Amino acid sequence: MNSSQTLKARREAAVATGVATRGIYAVRADNAELWDADGKRYIDFAAGIAVNNTGHRHPRVMAAVAAQSESFTHTCFHVAPYESYIALAERLNDATPGDFAKKTMLVTTGAEAVENAVKMARAHTGRSGVIAFSGAFHGRTLMGMALCGKVNPYKKAFGAMPPEVVHVPFPNEFHGITVQDSLNVLENMLRSSIDPERVAAMIIEPVQGEGGFNIAQPEFLRALRNICDEHGIVLIADEVQTGIARTGKLFAFEHAGVAADLVTMAKGLAGGFPLSAVTGRAEIVDAAPAGGIGGTYAGNPLAVAAANAVLEVIEEEDLCARADDIGDAIKARLNDIASRQGMEPIGDVRGVGAMIAFEMVTDRATNAPDPALTQAIIAEAEARGLIILPCGTRANAVRLLPPLTTPAPILAEALDVLEASIEAAVNAQAAIAAE
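Small disclaimer: the values here were computed from a predicted structure and weren't measured.

## A look at the overall build of the chain
Broken down by element type, the chain carries 13 helices and 15 strands. A compact globule built from 435 residues would reach a C-alpha radius of gyration of about 22 Å, and the chain, at 22 Å, matches this within 12%. Structurally, the chain occupies a C-alpha span of about 65 × 60 × 45 Å along its principal axes. In the chain, which comprises 435 residues, the share counted as buried stands at 54%. Pairs at least 24 residues apart make up 72% of the contacts formed inside the chain by residues separated by at least 6 positions. Split by element, the accessible area of the chain, about 17700 Å² in all, is 53% carbon and sulfur.

What follows is the structure in structure tokens.
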């Protein structure tokens, strides 16, 4: 057996089945490229699920981590705090949308950030209800699961969810749900299902991640801001996947021209090191009692050093503009493919910045999902050396998350592989249907 086969057998024997994996066993990565245990090269259009926005092992990030490791790797910020945590908090307070006094806390994962944002909102308002949206993904912890708007696999088999969490349809005009439809349901819910005076928070991804890269239109986010202001509800922007330059802005809420009260972030924040944050209105962040938020590993010094370097790289290399350039190139190629005769299965191409998805359907008249073709495209791309991922509540969308530092020649190579993979999968499906 080759190395990948050996590792697969060892994983199956030793690792929990619920930890889903792909068949690529990484041994080395650099910027937008990755090599597996068999020496095969891949172009990485997953970026660790939008984590490596600055590419694998960016030299500035690695140098910052190496320098920090020479001083200390852990003290626990609760026990012996350090300047770099404070400096990062100051940076995030300045960088997030909103012209008001802000404070920040650091934790380790996106789910932790979401949990703490909800805790802050509840402490600030004295209320307990939370409004989330269909198709949402907010983590795998208990509250995170309750907030998720996708059952399989995130809620399946895990029993009762925390109470007082309700879901509103996320606007998705490709599937017939307009902004006004969503707002009508929300307004009706606040009249009939949950008293707005019991709602602590409303949480939304400005572009849904696992849900299918569905985009919350600016007018929708502005309307939610108004509703939250009217009822004294804390608006939480879940920017775990959309943040840190992924959508062409440092934070995706900037596209709407409004500010959330709290912003959760993780993934791209620390260039591959585990770090997350909650940044928002000082009076809301400060509502939790001393010791009520935090954690042993929260704000790990190595990850904090990486995050400070990431923010410098984004500014100095103008990665927000680069995200737009990459996204424009991807959408242009996908729209060209979709326009060709025989490519009807591509029902929709969408995205903001370098956060792009295309949705596979059985035909464009009904937009019925085609998850089998979606998986075939992903498998074909992997066989040809391109890593891409599925998403969507109907498992029929392909998401593309290249590092924002992807060189132009590698981007062009990846798009050629993607085009060939789509055509091969569509042609194979047509051949089977014709038999």
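## Some points on helix α10 (residues 301–316)
Along its 16 residues, α10 runs 23 Å from first to last C-alpha, staying within 8% of the 22 Å computed at 1.5 Å per residue. For α10, the N-terminal cap is N300; the gap from its side-chain oxygen to the backbone nitrogen of L302 is 3.0 Å. D318 lies just past α10 and shows a positive phi near 50°.

## Brief notes about the packing of aromatic side chains
This structure, assessed with the given rule, holds 8 aromatic pairs. Centroid distance F77 to Y85: 3.6 Å. Interplanar angle 10°. Geometry classified as stacked. Positioned above the aromatic ring of W35 is the side chain of R28, whose terminal nitrogen or guanidinium carbon lies 3.9 Å from the ring centre. The side chain of R281 reaches across the aromatic face of F100, ending 3.8 Å from its centre.

## Observations regarding the sheet that holds strand β10 (residues 276–281)
With mixed pairing, the 7 strands of this open sheet are ordered in space as β4-β10-β9-β8-β7-β5-β6. Here the strands that pair on one side only, and so sit at the sheet edges, are β4 (102–107) and β6 (165–168). With direction set aside, neighbouring strand axes in the sheet form an average angle of 20°. Of the strand pairs in this sheet, strand β9 (residues 262–265) and β10 are connected by 4 bridges, and their pairing is antiparallel.

## Regarding a negative patch on the surface
Negative charge collects at one region of the surface, where D318, D324, D325 and D328 lie side by side. Turning to its location among the elements, D324 is positioned in helix α11 (residues 319–339).

## A short note on the pattern of salt bridges
Within this structure, the stated rule accounts for 24 salt bridges. A salt bridge links E423 to R340, with the shortest nitrogen-to-oxygen separation between them at 2.8 Å. Residue E423 is found in helix α13 (residues 408–434), and its partner R340 is found in the loop between α11 and β11 (346–352); the two are separated by 83 residues along the sequence. Judged by relative accessible area, E423 falls into the partly exposed class, the value being 26%. A single salt-bridge network, built from bridges that share partners, covers R333, D336, R340, D416, E419 and E423.

## A closer look at the environment of F174
By secondary structure assignment, the location of F174 is in the loop between β6 and α7 (179–192). With residues up to four places along the chain from it excluded, the contact list for F174 reads G347, D348, R350, E359, V361 and N367.

## So, the packing of α11 against α13
Between α11 and α13, whose axes approach to 11 Å, the crossing angle comes to 25°. Put simply, α11 runs roughly parallel to α13. In the packing of α11 onto α13, the handedness of the crossing is right-handed. In contact with R322, I326, A329, I330, R333, L334 and I337 of α11, α13 contributes A408, L411, A412, L415, D416, L418, E419 and I422. For the contact of α11 with α13, the class distribution of residues is 11 nonpolar, no polar and 4 charged.

## Let's talk about the nonpolar core
Looking at soluble globular proteins, one finds that nonpolar side chains tend to be buried together. The biggest cluster of nonpolar side chains holds 115 residues, and the ones touching the most others in it are M202, I204, F358, I388 and I422. Among the elements that line this core, the one with the most residues is α10, at 10 residues. Among residues more than four places away in sequence, those in contact with I204 are F133, F170, A216, F220, L221, L224, L235, I236, A237, D238 and F253. Core analysis: the second largest hydrophobic core is formed by 9 residues, V207, F213, V352 and M355 among them.

## A word on the pairing of strand β1 (residues 26–30)
Sheet faces and side chains relate simply in a regular strand, where the side chains alternate between the two faces. When β1 meets strand β2 (residues 33–36), the two strands line up antiparallel, connected through 4 bridges. Each bridged residue has a counterpart across the sheet, and for R28 the counterpart in β2 is W35. Where β1 folds back onto β2 in an antiparallel hairpin, the turn is made up of 2 residues, including N31, whose phi is positive at roughly 55°.

Thresholds, definitions, all that
- Residues numbered from 1 in each chain as written.
- Predicted model: local features only at pLDDT ≥ 70, side-chain atom pairs only at ≥ 80, totals over all residues.
- Heavy atoms only, no water.
- Helix = DSSP H or I, 4+ residues; strand = E, 2+ residues; numbered from the N terminus.
- Rg over C-alpha atoms; globule rule 2.2 N^0.38 Å.
- Buried < 20%, exposed > 50% of the residue type's maximum accessible area, 1.4 Å probe, protein only.
- Contact = heavy atoms within 4.5 Å.
- Areas by Shrake-Rupley, 256 points an atom, 1.4 Å probe, with all protein chains shown as cover.
- Expected span 1.5 Å × (residues − 1).
- Polar contact = N/O pair within 3.5 Å; in protein donor to acceptor, adjacent residues only side chain to side chain.
- Phe/Tyr/Trp six-rings, centres within 6.5 Å; stacked < 30°, edge-to-face > 60°.
- Lys NZ or Arg CZ within 6 Å of the ring centre and 35° of its normal.
- Pairing = 2+ DSSP bridges.
- Axes fitted to C-alpha atoms, helices over the stretch in contact; angles between N-to-C directions.
- Patch = residues over 30% accessible without salt bridge, like charges linked within 9 Å, V, L, I, M, F, W, Y side chains within 5 Å.
- Salt bridge = Lys/Arg side-chain N within 4 Å of Asp/Glu carboxyl O.
- Lys, Arg positive; Asp, Glu negative; His and termini not counted.
- Charge placed at Lys NZ, Arg CZ, Asp CG, Glu CD.
- Parallel < 35°, antiparallel > 145°, perpendicular 65-115°, else oblique.
- Left-handed = near helix turned anticlockwise from the far one by under 90°.
- Nonpolar A, V, L, I, M, F, W, Y, C, P; charged D, E, K, R; others polar.
- Core = buried A, V, L, I, M, F, W, Y, C linked by side-chain atoms within 4.5 Å.

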